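Now for the letters of each chain:
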Amino acid sequence: MEKEISQAVIGRLPRYFRFLGELKDQGVERISSQELSRLMHVTASQIRQDFNNFGGFGQQGYGYNVEYLYTAIGSILGLDKKHHLIIIGAGNLGQALANYMNFERRGFIFTGIFDINEKLHGRMIRGIQVRPMEEMQAFVRENDVDIAVLTIPKESAVSTAGKLVEAGVRAIWNFAHVDLDVPADVQVENVHLSDSLFRLSYMINRYDQETKAAAPKKDSQ
């Protein structure tokens, strides 16, 4: 039986991959868990525990081979495969994501973009023509699209997700502020941009409170 990996471990894998890619680009050949710990601000014990979920990767007294570990984690993340994706919504966010070329360097191939706004139909975004929503399902089936990115209002996101599932999409990257009811075999990653901003606000607020509590009290006259 395959070992169940916690969501917390899975959530840290992209960060490991990013740091290891930077080390590889710098020509670093091997690194210990202690050195990686200092770079990433994750305990060495946590790093070893995370990697042990997938077989360990390291050698006692040697550490980790950076290129091998980078490749192995990329394979675990599925980045050694090609994923064809489409974007639903050609507004500011949809266009920004379409123009982010780093996706393609990681194997995510942008193949189509769709919008309900007739004024946008035919516009070219990085060489891809904005298409009407009516063509979406046929396009998904004909082009082996497995990932759809939703950057549309929540009012239409649920019905659009249903049509994507019917057409055979296997995963949805959801920027709409709504929970999607999809079959268990369709993966959904929800991205709520405001949540990150709220967390930042919380940390500022907590820091201010801690600083105020630690400040020396002025003697009353």
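We now turn to the structure provided with this report.

Rules used in this analysis
- Residues numbered from 1 in each chain as written.
- Predicted model: local features only at pLDDT ≥ 70, side-chain atom pairs only at ≥ 80, totals over all residues.
- Heavy atoms only, no water.
- 1 Å grid on protein atoms, 1.4 Å probe; cavity = no way out; pocket = protein on both sides within 12 Å on 5 of 7 lines; lining within 4 Å.
- Points joined across faces, edges and corners; volume = space filled by probe spheres on them.
- Helix = DSSP H or I, 4+ residues; strand = E, 2+ residues; numbered from the N terminus.
- Nonpolar A, V, L, I, M, F, W, Y, C, P; charged D, E, K, R; others polar.
- Buried < 20%, exposed > 50% of the residue type's maximum accessible area, 1.4 Å probe, protein only.
- Polar contact = N/O pair within 3.5 Å; in protein donor to acceptor, adjacent residues only side chain to side chain.
- Contact = heavy atoms within 4.5 Å.
- Pairing = 2+ DSSP bridges.
- Axes fitted to C-alpha atoms, helices over the stretch in contact; angles between N-to-C directions.
- Salt bridge = Lys/Arg side-chain N within 4 Å of Asp/Glu carboxyl O.

## Some points on empty space enclosed by the protein
Now for step 1: One pass over the full model with this rule turns up one cavity of 30 Å³ or more.
Now for step 2: Of the volumes computed, that of the largest cavity is approximately 40 Å³.
Now for step 3: Lining the largest cavity are L85, L97, A98, Y100, F103, E104, F108, F110 and R126.
Now for step 4: Elements with a contribution of two residues or more to the lining of the largest cavity: helix 5 (92-98), helix 6 (102-105) and strand 4 (108-115).
Now for step 5: Looking at the lining of the largest cavity residue by residue, the class counts come to seven nonpolar, no polar and two charged.

## Some points on the side chain of S37
Now for step 1: Mapped onto the elements of the fold, S37 is located in helix 2 (residues 33-40).
Now for step 2: Given the relative accessible area of 15%, S37 is considered buried.
Now for step 3: Of the polar contacts made by the side chain of S37, one reaches the backbone nitrogen of A44; its length is 3.5 Å.
Now for step 4: If near-sequence neighbours (up to four positions away) are discounted, S37 is found in contact with V42, T43, A44 and I47.

## Some thoughts on the environment of V145
Now for step 1: Summarising the element assignment, V145 is placed in the loop between helix 7 (136-142) and strand 7 (147-150).
Now for step 2: When the C-alpha positions of V145 and F110 are compared, they lie 9.5 Å apart, and in sequence the two are 35 residues distant.
Now for step 3: In contact with V145, not counting residues within four places along its chain, are H84, L85, I86, T111, F139, V140, G168 and V169.

## Some points on the pairing of strand 4
Now for step 1: Taken across its eight residues, strand 4 has six buried, putting it largely inside the fold.
Now for step 2: Note: strand 3 (residues 83-88) against strand 4, six bridges, orientation parallel. Looking at the pairing, I87 lines up with I113 of strand 4.
Now for step 3: Of the strand pairs in this sheet, strand 4 and strand 6 (residues 128-132) are connected by three bridges, and their pairing is parallel. Bridge pairing links F114 to R131 in strand 6.

## Some remarks on the sheet that holds strand 4
Now for step 1: As summarised here, the arrangement of the seven strands in space is 5-6-4-3-7-8-9, forming an open sheet in which the pairing is mixed. With partners counted over all chains shown, the strands left at the sheet margins are strand 5 (124-125) and strand 9 (187-190), one partner each.
Now for step 2: On top of the sheet, helix 8 (residues 154-167) reaches strand 3, strand 7 and strand 8 (171-174); it is set at about 170° to strand 7, its chief contact.

## A short note on the pattern of salt bridges
A side chain with one charge can pair with a side chain of the opposite charge if their charged atoms come near.
Now for step 1: Tallying each qualifying case throughout the model produces four salt bridges.
Now for step 2: In this structure, R12 engages D50 in a salt bridge whose closest nitrogen and oxygen atoms are separated by 2.7 Å. Remark: D50 occurs in helix 3 (residues 44-52) and R12 occurs in helix 1 (residues 7-25); sequence separation between them is 38 residues.
Now for step 3: Given a relative accessible area of 24%, R12 falls into the partly exposed group.
Now for step 4: Residue D50 is classed as buried on the basis of its relative accessible area, which comes to 1%.
Now for step 5: Ionic pairing is found between K81 and D80, a salt bridge with its closest N-O pair at 3.7 Å.
Now for step 6: Under the relative-accessibility criterion, D80 is labelled exposed at 51%.

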